Number of protein chains: 2
Amino acid sequence: MASFAGPEIERLIGLLAKLPGMGPRSARRAALALLKRREQLLEPLAASLRETADKVRACSRCGAPDTRDPCAICADPARDGSLLCVVEEAGALWAMERAGGFRGRYHVLGGLLSALDGVGPEALRVGELVERAAAPEVSEVILALPATVDGQTTAHYLADRLAGAQVTISSLARGVPVGGELDWLDDGTIVQALRARRPA
Amino acid sequence: MASFAGPEIERLIGLLAKLPGMGPRSARRAALALLKRREQLLEPLAASLRETADKVRACSRCGAPDTRDPCAICADPARDGSLLCVVEEAGALWAMERAGGFRGRYHVLGGLLSALDGVGPEALRVGELVERAAAPEVSEVILALPATVDGQTTAHYLADRLAGAQVTISSLARGVPVGGELDWLDDGTIVQALRARRPA
């Protein structure tokens, strides 16, 4: 990109373009919006990013990003310490919390095993998980990993690694999503939903 | 949105969601990417926004955002001071510069007249334009405004206001865009391209 907008604005556009869902064009639009809404958007976002960079760290127990360590969920005595829910990333943790209904604690892996991307167990928080699962209060580890090849490979690997711990290992049910039309579902989901059919 | 991710991250997500092209879901993804790529993305973007907020100001002559005042284009002696190109926003200026071929100077209006949104001439840099157009070196004002109702209303209004100045007033040609298929063009463009037809 040419530098007619000055190196500072070009740098800002280049960084905004790296955000997921953004490209060079939308990054320019975002930079313009920031420059136009200086008090309402540019200043608050600059301050918020500074604060996030300075204060938010991965919880040393579960790996979720928080300003406190242990994080709010790990520190909450009302949470059920016998249930440990393993998620890929904090985004999945947030989705579970939005959905509600889970009152246990989490373990954020920080990614998935991937032969293609060269991600091995040592790059993930697997050792920490095995250690936490060995604690006497933990009775069940729920593998809430994506229903993708990497997600399922990771789930199998974790089930193996946790075989020695005195815990039940479970994973999220597969089936027709709420509001799901059979017409629009992939065959794999239909087959799995049929296999796991329940009395009505 | 619930506050399980902590107030700092929720604030960041809320601000990211205000960027054009972003919604609550993509803002969460962006926040996660920032937290995951702390050194490559979060720190540089925080610093870049801080720098932009501190250093970038509207050029006191043309209104374009720059760290210098007058801006790089206004200060460039190689630019043709007899041509003044009026644009809505800095984004249009950047587009003109990317396209190349224009060696004059710019005037950034800061918006368009809009009866619906209650934007009158006093909200735009119209007085400054009239003043600049009255300078003896200016011989032509090119109205490079969008081909929308508000854009054309603004162009008509500016042509009226500039009637007293000793300048030629022009606007960008209408016609078939490069690579444009007639099939996909709207009727208005085809009619205007036909009226403005040129010897082949």
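Residues numbered from 1 in each chain as written. Chains lettered and ligands numbered in written order. Predicted model: local features only at pLDDT ≥ 70, side-chain atom pairs only at ≥ 80, totals over all residues. Heavy atoms only, no water.

Asker: What is the right way to read the state of the cysteines from this model?
Answerer: Here a disulfide denotes a covalent bond joining the sulfur atom of one cysteine to the sulfur atom of another. For the coordinates displayed, the defined rule picks out zero disulfides over all chains. For A:Cys71, which is in no disulfide, the shortest distance to another cysteine sulfur is to A:Cys62 and amounts to 3.7 Å. Note on A:Cys71: relative accessible area 3%, which makes it buried. No disulfide involves B:Cys59; its sulfur sits 3.9 Å from that of B:Cys74, the nearest cysteine. (Disulfide = S-S within 2.5 Å. Buried < 20%, exposed > 50% of the residue type's maximum accessible area, 1.4 Å probe, protein only.)

Asker: So what exactly am I meant to see when it comes to the confidence of the model for chain A here?
Answerer: Low-pLDDT stretches of the model should not have their predicted coordinates read in fine detail. Summarising the model, chain A shows a mean pLDDT of 92, and 98% of its residues fall at 70 or more. In the predicted complex, the global pTM is 0.80; the interface-specific ipTM is 0.80. (pLDDT = per-residue confidence, 0-100.)

Asker: For this particular structure, what's the right way to read the nonpolar core?
Answerer: As a rule of thumb, nonpolar side chains are buried together in soluble globular proteins. Among the nonpolar cores identified, the biggest contains 74 residues, and A:Leu16, A:Leu34, A:Leu49, B:Leu16, B:Leu34 and B:Leu49 are the most heavily contacted of them. Not counting residues up to four positions away in its chain, the partners in contact with B:Leu34 are A:Leu19, A:Leu49, B:Leu12, B:Leu16, B:Leu41, B:Leu42 and B:Leu45. (Core = buried A, V, L, I, M, F, W, Y, C linked by side-chain atoms within 4.5 Å. Contact = heavy atoms within 4.5 Å.)

Asker: Would you mind going over the packing of helix H5 (residues 90-99) of chain A against helix H2 (residues 24-36) of chain B with me for this structure?
Answerer: Pairs of packed helices are described in terms of their axes, by the angle between the two and the distance that separates them. Viewed as axis vectors pointing N to C, H5(A) and H2(B) meet at an angle of 140°, and their least axial separation amounts to 10 Å. Relative to H2(B), the element H5(A) lies oblique. Contacts between H5(A) and H2(B) involve A:Ala90, A:Gly91, A:Trp94 and A:Arg98 from the former and B:Arg28, B:Leu32 and B:Leu35 from the latter. Among the residues forming the contact of H5(A) with H2(B), the class breakdown is four nonpolar, one polar and two charged. (Axes fitted to C-alpha atoms, helices over the stretch in contact; angles between N-to-C directions. Helix = DSSP H or I, 4+ residues; strand = E, 2+ residues; numbered from the N terminus. Parallel < 35°, antiparallel > 145°, perpendicular 65-115°, else oblique. Nonpolar A, V, L, I, M, F, W, Y, C, P; charged D, E, K, R; others polar.)

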